[in-house]
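Chain by chain, the residues run as shown.
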Amino acid sequence: MTQSPWQHSRSAGIADDIDFEIKGQELQFVEIELDPGESAVAEAGAFVWKDAAIDMTTVFGDGSGDTGGGFMGKLLGAGKRLVTGESLFTTVFTHNGQGKARVAFAAPTPGAILPIKLDDLGGTLICQKDAFLAAAKGVSIGIQFQRRVMTGLFGGEGFIMQKLEGDGWVFVQMGGTVVERTLAAGEELHVDTGCLAAYTPSVTFDLVTAGGVRSVLFGGEGLFFARLTGPGKAWIQSLPFSRLAGRMLAAAGPRGQNRGEGSVLGGLGDLIGGND
């Protein structure tokens, strides 16, 4: 029987392999099953529940182990997380009992939790700043700088993105529905800048103009598209959190407007629609 992509059982002989299952549809959480001595690391605030045999420890940085620089090395690692807008701390969950035990983590927004085995991608994944949710211990959470000025200014994620490195499982959170695209060498894909969730380092990421003046002014899609050029893989999300938050704020408005907040009828439209 073919195994669901939302669950995985460890393979014999692979030390860093873990069992997991992703549950739910729009508001998902991931259950990670640990053997004695195994650990999982998670973003602060992602914890949902755990078996009693699993101990929880808050650590400085990403919990990936000693960087070789003592305190200053740990401080540098934590500083990288701070630059990407994350907490200075992560939480490590270690199974210190017998048999198997489970711990669960939830995404904070509607969307999908995507399980990715980093060694299947060459060991590195570049993703949006708030993408990391949890991982097998040993995954390093760093930063990726956008070297092109225009890409940094208008690329949707600014100059800094997250870079996840290692060989184990990592769980990243993305908004709405997620699509994985595999690009051949030289193949181009144009994506709304906010909808680009993650890509492999072999993909070239830059910008292309959205069209003529009319399209820019009235198309509602901004000045640029993200242009991805293969080879490599990219993950596209249908509802980035910034878009969801923007629509919620627009819907709330100063007077609590609903769908007709942009109507030229203004208050008259509210009366006609029965909103006042």
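Enquirer: Help me understand the nonpolar core in this model?
Expert: As a rule of thumb, nonpolar side chains are buried together in soluble globular proteins. If you look at the biggest cluster of nonpolar residues, it comprises 21 residues, and the most contacted ones within it are Phe20, Val30, Ile32, Val103, Phe105, Ile113 and Phe171. Of all the elements in the fold, those that place two or more residues in this core are β2 (19-23), β3 (29-34), β4 (39-43), β8 (101-106), β11 (132-136) and β14 (169-175). Judged by nonpolar contacts, the second largest core, of 20 residues, contains Val41, Leu125, Ala131 and Ala197.

Enquirer: How should I be thinking about the sheet that holds strand β20 (residues 232-237) in this particular structure?
Expert: The strands making up a sheet associate through hydrogen bonds between their backbones, and the pairing can be parallel or antiparallel. Read from one edge to the other, the open sheet built from 6 strands follows the order β12-β13-β10-β17-β20-β15, with strand pairing classed as antiparallel. Looking along the sheet, the strands with just one partner apiece sit at the ends: β12 (140-145) and β15 (178-183). Neighbour-to-neighbour, the strand axes of the sheet open up by a mean angle of 25°, direction not taken into account. Bridge count for strand β10 (residues 124-127) against strand β17 (residues 196-199) is 2 bridges, and the pairing is antiparallel. Counterpart to isoleucine 126 in the pairing with β17 is tyrosine 199.

Enquirer: Sorry if this is basic, but what is going on with the confidence of the model for the protein chain here?
Expert: The predicted coordinates ought not to be read in detail in places where the model reports low pLDDT. On average, residues of the protein chain score 76 in pLDDT, and 63% of them reach the 70 mark or higher. Counting contacts from residues 1-5, a segment whose pLDDT is below 50, to residues more than four positions away or on other chains yields 3 contacts. Scored below 50 in pLDDT, residues 257-276 shows 14 contacts in the model against residues more than four places distant or in partner chains.

Enquirer: Is there a simple way to explain the pairing of strand β13 (residues 160-165) in this structure?
Expert: On a regular strand, one side chain projects to one face of the sheet and the next to the other, so that they alternate. In this structure, β10 lies alongside β13, joined through 4 bridges in antiparallel fashion. Looking at β13, one finds that threonine 124 is bridged to glutamate 165.

Enquirer: Help me understand the pattern of salt bridges in this model?
Expert: Where charged atoms from two side chains of opposite charge approach closely, those side chains can pair. Considering all chains together, one arrives at 11 salt bridges under this definition. As a salt-bridge pair, glutamate 31 and lysine 23 come within 3.2 Å of each other at their nearest N and O atoms. Within the structure, one salt-bridge network assembled from shared partners comprises Asp19, Glu21, Lys23, Glu31, Glu33, Asp35, Lys100 and Arg102.

Enquirer: Would you mind going over a nonpolar patch on the surface with me for this structure?
Expert: Among the surface-exposed residues, Phe47, Val48, Trp49 and Met56 lie close enough to one another that they form a single nonpolar patch of about 350 Å² accessible area. Here the nonpolar patch gets 3 residues from one element, more than from any other, and that element is strand β5 (residues 47-50). Along the chain, tryptophan 49 falls in strand β5. Take tryptophan 49: its relative accessible area is 30%, and that puts it in the partly exposed class.

Enquirer: Which parts of the structure should I look at to understand the sheet that holds strand β16 (residues 188-192)?
Expert: The strand order across the open sheet formed by 3 strands is β16-β19-β18, and the pairing between neighbours is antiparallel. Every other strand in the sheet has two partners, leaving β16 and β18 (204-209) as the edge strands with one partner each. The sheet shows a mean angle of 35° between the axes of neighbouring strands, taken without regard to direction. Sheet analysis places β16 next to strand β19 (residues 224-229), joined by 5 bridges and oriented antiparallel. Bridge pairing links histidine 190 to arginine 227 in β19.

Definitions and cut-offs
- Residues numbered from 1 in each chain as written.
- Predicted model: local features only at pLDDT ≥ 70, side-chain atom pairs only at ≥ 80, totals over all residues.
- Heavy atoms only, no water.
- Core = buried A, V, L, I, M, F, W, Y, C linked by side-chain atoms within 4.5 Å.
- Buried < 20%, exposed > 50% of the residue type's maximum accessible area, 1.4 Å probe, protein only.
- Helix = DSSP H or I, 4+ residues; strand = E, 2+ residues; numbered from the N terminus.
- Pairing = 2+ DSSP bridges.
- Axes fitted to C-alpha atoms, helices over the stretch in contact; angles between N-to-C directions.
- pLDDT = per-residue confidence, 0-100.
- Contact = heavy atoms within 4.5 Å.
- Salt bridge = Lys/Arg side-chain N within 4 Å of Asp/Glu carboxyl O.
- Patch = residues over 30% accessible without salt bridge, like charges linked within 9 Å, V, L, I, M, F, W, Y side chains within 5 Å.
- Areas by Shrake-Rupley, 256 points an atom, 1.4 Å probe, with all protein chains shown as cover.

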